[in-house]
Amino acid sequence: MPKFTCYAKYMQREKGSPNGEAKYQTVPGEAGQILLIVILVIIIASTIGLSLASRSITSLRTSTEEAESQKALAAAEAGIERAIQGSIPIAVQGNNPSNNSSYSTSLTEILSSNFPINGGNVIPKDEGADIWIVSHDNNNSPIYSEAQSLQFINLYWGLASEVCGTPTSPAAIQAIVVSRNKSTGEIKSHRYAYDSCSGRKAGNNFTLAESGTFTVAGMTFANRTSPQNDLAKNVNDIVFIRVIPIYKDAVVAVSACNYAGESCTALPSQGYKITSTGTSGDASRKLTVFKGYPQIYLPYL
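Residues numbered from 1 in each chain as written. Predicted model: local features only at pLDDT ≥ 70, side-chain atom pairs only at ≥ 80, totals over all residues. Heavy atoms only, no water.

What follows concerns the overall build of the protein. Scanning the protein from N- to C-terminus turns up three helices and 14 strands. In the protein, of all internal contacts separated by at least 6 residues, the share reaching a separation of at least 24 is 70%. Total accessible area computed for the protein in this model is approximately 17,400 Å², and 53% of it derives from carbon and sulfur atoms. (Helix = DSSP H or I, 4+ residues; strand = E, 2+ residues; numbered from the N terminus. Contact = heavy atoms within 4.5 Å. Areas by Shrake-Rupley, 256 points an atom, 1.4 Å probe, with all protein chains shown as cover.)

And the structure:
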């Protein structure tokens, strides 16, 4: 009997009341811990959700910007194509309502005593770019009656970082001066070649170019033809000069002046630098190309 009495008291104590109703005791501080855990879970879930949403928005924005940028590029290319359709480039504007893009082009005619050849673009090795000594008519044909001799004509190329005898050795330059006799129409070509690397000169027999720091049309070069009146010396009725880099590609500039920048000859138009800006939405893309005059006399070169 005592055992049953103890069990009844135990059950009464566990259930908390004589009627057997459950009565649970909360450990002090337990409720606060549960609340904290719930809050942390909510914060973590919210952070993850916001991060995913932000990433989705960023991805969508990036995709939209890339699409607008491609439309702007296509518009800029369309502007270039429109500008050079004729024999002489023209400034044009246009739009494409179907994709909300537009373009605008501007022209800069290259004519001076000093300028980078080929619009300042790299001339591939063993290929040529021309310096025109005569102007062209509306059909892009040379006006041979303007052929003339030159007191000075100097070429500039190469960078200070290009060191002879290393894999970065600068290009050598070949210049072919093409003349056309005004009286007889006879065409002649006169060849010149220059190399600033004395080690190569022994093998190629080129004229040694001068090295230093030279600025032409805002560009800095490390080599130039030498002496200053050597190129095209005593050649009359010059129509054009074809400039060909040897050994490597090169950017080349010309100056129809002496080394001091004096006694200059104004050279005619060499072509046009065309800049086209395409826009689509907030995106803008710009392209610049050079359109020179057609090369001729290839059989003589």
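On to empty space enclosed by the protein, then. As enumerated under the stated definition, the model contains one cavity of 30 Å³ or more in all. Here the largest cavity is characterised by a volume of approximately 40 Å³. Taken together, Ser87, Pro89, Asn140, Tyr272, Lys291, Gly292 and Tyr293 form the lining of the largest cavity. Its residues assigned to classes, the lining of the largest cavity shows three nonpolar, three polar and one charged. (1 Å grid on protein atoms, 1.4 Å probe; cavity = no way out; pocket = protein on both sides within 12 Å on 5 of 7 lines; lining within 4 Å. Points joined across faces, edges and corners; volume = space filled by probe spheres on them. Nonpolar A, V, L, I, M, F, W, Y, C, P; charged D, E, K, R; others polar.)

The subject of this paragraph is the nonpolar core. Judged by nonpolar contacts, the single largest core of 29 residues is most densely connected at Ile117, Ile131, Ile153, Leu155, Leu231, Ile241 and Val252. When contributions to this core are tallied by element, the ones reaching two or more residues are β4 (129–132), β5 (154–157), β6 (172–180), β7 (187–195), β11 (238–246) and β12 (252–255). Excluding anything up to four places from it in sequence, valine 252 contacts Pro116, Ile117, Ile123, Leu155, Tyr156, Trp157, Ile173 and Val243. Listed in part, the 20 residues of the second largest apolar core include Val134, Val239, Ile244 and Tyr272. (Core = buried A, V, L, I, M, F, W, Y, C linked by side-chain atoms within 4.5 Å. Buried < 20%, exposed > 50% of the residue type's maximum accessible area, 1.4 Å probe, protein only.)

Strand order in the open sheet formed by four strands is β1-β2-β13-β14, and the pairing between neighbours is antiparallel. Here the strands that pair on one side only, and so sit at the sheet edges, are β1 (93–96) and β14 (283–292). Across this sheet, the average inter-strand angle for adjacent strands is 20°, counted without regard to direction. (Pairing = 2+ DSSP bridges. Axes fitted to C-alpha atoms, helices over the stretch in contact; angles between N-to-C directions.)

Attention shifts here to the pairing of β14. Pairing of strand β13 (residues 271–280) with β14 involves ten bridges; the strand directions are antiparallel. From the neighbouring strand, glycine 271 faces β14, where its bridge partner is glycine 292. Counting the residues between successive antiparallel strands, the hairpin from β13 to β14 contains two residues, one of them, glycine 281, with a positive phi of roughly 60°.

Once that is clear, we can look at the pattern of salt bridges. With the rule as written, the count across this model stands at four salt bridges. Aspartate 195 is the partner of arginine 200 in a salt bridge, and the nearest nitrogen-oxygen pair spans 2.9 Å. For aspartate 195, a relative accessible area of 0% translates into the label buried. With a shortest N-O distance of 3.1 Å, arginine 224 and glutamate 210 are connected by a salt bridge. Residue arginine 224 is found in strand β10 (residues 219–224), and its partner glutamate 210 is found in strand β9 (residues 210–216); the two are separated by 14 residues along the sequence. (Salt bridge = Lys/Arg side-chain N within 4 Å of Asp/Glu carboxyl O.)

Before going further, it helps to spend a moment on the sheet that holds β7. One open sheet holds the five strands; their spatial order is β4-β11-β6-β7-β8, and the pairing between them is mixed. At either end of the open sheet lies a strand with only one pairing partner, and these are β4 and β8 (207–208). The sheet contact formed by β6 and β11 spans eight bridges and is antiparallel. For serine 179, the partnering residue across the bridge sits in β11 and is isoleucine 238.

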